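# Notes for the structure review
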Amino acid sequence: MAIIYSDTSKEIHIFNDQISYIIQILDNGELGNLYYGKKVDHKEDFSYLLEGGLRSLAVYTKEDDYFMSPQYTKMEYPCAGRGDFREPAYEICQENGSRIVCMEYQGHEIYKGKKQLEGLPATYVENAEEADTVEILLTDKLLQLDCILSYTVFRDYPVLTRNVRFVNRGSQKVALERVLSASIDLPDAEYEMLSLTGAWARERYPKARKLAHGVQGTGSRCGCSSAEFNPFLALKRPGASENLGEVLGFSLVYSGNHMEQVCVDTCDMARVQLGIHPEGFEWELNTGEAFQSPEAVMVYSCQGLNGMSQTYHKLYRTRLARGYWRDRERPILINNWEATGAAFTEESILRIAKTGKELGMELFVLDDGWFGKREDDRSGLGDWYVTNYEKLPDGIEGLAGKIKKMGMRFGLWFEPEMVNKDSDLYRSHPDWILCAPGRIPSPSRNQYVLDFSRPEVVAYIYGLMEKILSSGDISYVKWDMNRYITECYSAKKTEREQGKVFHQYILGVYALYERLTKAFPEILFESCSSGGARFDPGMLYYAPQTWTSDDTDAMERVRIQYGTSYVYPLSSMGAHVSEVPNQQTGRVTPLKTRANAAMFGVFGYELDLSQMTELEKAEIKGQVQFVKAHRHLIQHGVFYRLLNPFEGREAGWIVVSEDQSEALAAYYQMSAEPNGPWKRLKLAGLCPEKKYIVDGEDARVYSGSELMNVGIIVKKESLCANGGDYSSKVYYLREKA
Ligand code: GLA
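In short, a report on the structure.

Rules of the game
- Residues numbered from 1 in each chain as written.
- Predicted model: local features only at pLDDT ≥ 70, side-chain atom pairs only at ≥ 80, totals over all residues.
- Heavy atoms only, no water.
- Near = heavy atom within 4 Å.
- Polar contact = N/O pair within 3.5 Å; in protein donor to acceptor, adjacent residues only side chain to side chain.
- Areas by Shrake-Rupley, 256 points an atom, 1.4 Å probe, with all protein chains shown as cover.
- Nonpolar A, V, L, I, M, F, W, Y, C, P; charged D, E, K, R; others polar.
- 1 Å grid on protein atoms, 1.4 Å probe; cavity = no way out; pocket = protein on both sides within 12 Å on 5 of 7 lines; lining within 4 Å.
- Points joined across faces, edges and corners; volume = space filled by probe spheres on them.
- Helix = DSSP H or I, 4+ residues; strand = E, 2+ residues; numbered from the N terminus.
- Pairing = 2+ DSSP bridges.
- Axes fitted to C-alpha atoms, helices over the stretch in contact; angles between N-to-C directions.
- Buried < 20%, exposed > 50% of the residue type's maximum accessible area, 1.4 Å probe, protein only.

### Quick look at the site of the ligand
Around the ligand, the structure places 13 residues, and the nearest of them are Asp367, Asp368, Lys478, Gly531 and Asp550. Trp413 is positioned such that a nitrogen or oxygen atom in its side chain is 3.0 Å from an oxygen atom of the ligand. A distance of 2.8 Å is found between an oxygen atom of the ligand and a backbone nitrogen or oxygen belonging to Gly531. Protein chains shield 96% of the accessible area of the ligand, which is 310 Å² for the free molecule. Classifying every residue of the shell around the ligand gives 4 nonpolar, 3 polar and 6 charged.

In structure tokens:
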């Protein structure tokens, strides 16, 4: 790994043993991109990669010099208005109304390690040897405005991270109207763009489309990363598959409004961009002030989509997620939401918890309904204290104590960013919600969004949460966010500051997370947003796991977890076994299949255990034991997608230990096919030479090469439900000693 600057060619070559990224300082002081891809050996001069020449209608950077036209050059961080008519990476409005900016190279600094971003989540290193960073300083001399582009290359991953910082050293105010975290021009557009799109209860479905001339992309303007479009895109070569071929991944470490797009010009160059969504964003920068963009994480893979995903998984699991629970085995939980909703009593809670304990579960989570006057979703949000002593006679402290006495940990649900009108909080501070002057705030789930751009609002919520969390023995917090942001206007800000509110809101969320995780370092945080509407890398920095979806139907979950796995590790996906008929789909799937799906995530249960038959309880006990025995492998192993549920009737995946000595593979029959073909599940990631035993199958010994090239014979009769609809099987493989 190194970053080398060549003074003769004015190039910066950022590389490790897997990737290369080459930037050139152009004659006019702007930066151009010469290359991004698989590693190329270093040499002093790659300038032949800068292509230029005379073209009609082109605008040039110098008189009588027909070489460099911005429109036809691969730019590094392009501006608008000076001859590049593609999408700009940034836009800045000045006091006189001009948006013309000339950012010129001033110098750069190369150092070991990686700096953290102030107030924002980002990947990190544990020692300076793990990464090299270069910060390139560009300045607009007229405005005395600096733009610092930072690039970090990790030693052990084919990863480049980028962020941008603007600093105003001039005497006039400037308004940042667009500040993307990364922009890169690729020399051709022979790619398919893969996005993760969805909606509530069917989040992060993979969707691919061939790039075409024009702008194509996704984004969110609802105040959070959203169930609709994840802050991610990948470009894959048309022939690339799960395990072969070139794939470029782009992921944004951010939980607010975002945009990711590819702009293909009519000469077939592809400009990839991602960052904060420019719509609704305007950041006035006064003299001496700075603005920091979120981080973009670029992953290169020449081993297909699985190769890309495995890099994201390990990086996000070990160098984005933090804290006490990062590497620890997560407790198997039982959550009461789908069993009782808000209509519980202490007695019903203790009954479920007691059964959970008997079946081996380790954490009881009390969901929505414990605070204020919370009977349904019309009241109580904002009042994070117990007032209903009929429900909870000894408060949270008492209940937590009783659960602890049973030998279980205790967890609690919060929705810190929201308020109901029927609450003490709203009655005393009606101006604390986001709402435009003279307008009626639009309702959603009968709740309104607190103005987290205001530090006093965040401080008040911190005070309430801190009190509850220190009152009882609380080991886990589920942090929910159940509506999108509308009327995004802050009563405490001036007219010119309203364009900051969306971003400052999410900075407020991050600040509260930072304070709470510092004050309670051993509490396990799980983020949630009506299921998976804020499943993004930003959240993983604070909460190592996220509630993947409100849809717990096993077949739907296989799809959702499959899609989520394109970027996010199994250790981040909260996954529960719930009752049938399923509350979202009405589908009745076998208990075994429900567990077989949920165990490829952070495992738990969400149903009334006390209502289950003895037979079912015995089965659950076995499942819990099985997951306890294998959760280390599931959490830390290397994951491969095998059979795509979006393409056929089956799904399959495998997680293999890093030393390839054991693995857990799963096969799911999404719908049965009458008189269908014989089935084989070809595995991946095993050591071809090693010998493996497939537990519970037969006494045969298989080589890794056999299991990967021939496959496991999936016998209909060995699947639960006899190979019918929703049947499945999990195979545990271990190396033969
Ligand atoms: C959201 C969450 C659920 C549950 C409910 C409670 O929908 O996703 O898991 O916590 O809120 O209101």
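Once you've had a look at it, read on.
### Looking at the layout of surface pockets
The calculated volume of the largest pocket comes to roughly 640 Å³. Those elements giving two or more residues to the lining of the largest pocket turn out to be β20 (295-301), α1 (304-319), α11 (614-636) and β31 (638-643). Grouping the amino acids of the lining of the largest pocket by side-chain chemistry returns 10 nonpolar, 13 polar and 6 charged.

### Focus: the sheet that holds strand β4 (residues 31-38)
Taken in spatial order, the 4 strands of this open sheet run β1-β2-β3-β4, and their pairing is antiparallel. Both edges of this open sheet fall to β1 (2-6) and β4, since each of them pairs with a single strand only. In this sheet, neighbouring strand axes are inclined to one another by 10 degrees on average, regardless of whether the strands run parallel or antiparallel. In this sheet, strand β2 (residues 11-15) lies alongside β1 in antiparallel orientation, the contact comprising 5 bridges. The partner of Ser6 across the bridge, within β2, is Glu11.

### Some remarks on the pairing of strand β11 (residues 192-197)
Of all 6 residues making up β11, 5 are buried, and the element is well covered by its neighbours. Bridging between β11 and strand β12 (residues 205-210) involves 6 bridges; their strand directions are antiparallel. Across the sheet, residue Glu192 finds its bridge partner in β12, namely Lys210. Note that β11 and strand β14 (residues 232-236) share 3 bridges and pair antiparallel. Each bridged residue has a counterpart across the sheet, and for Leu194 the counterpart in β14 is Ala234.

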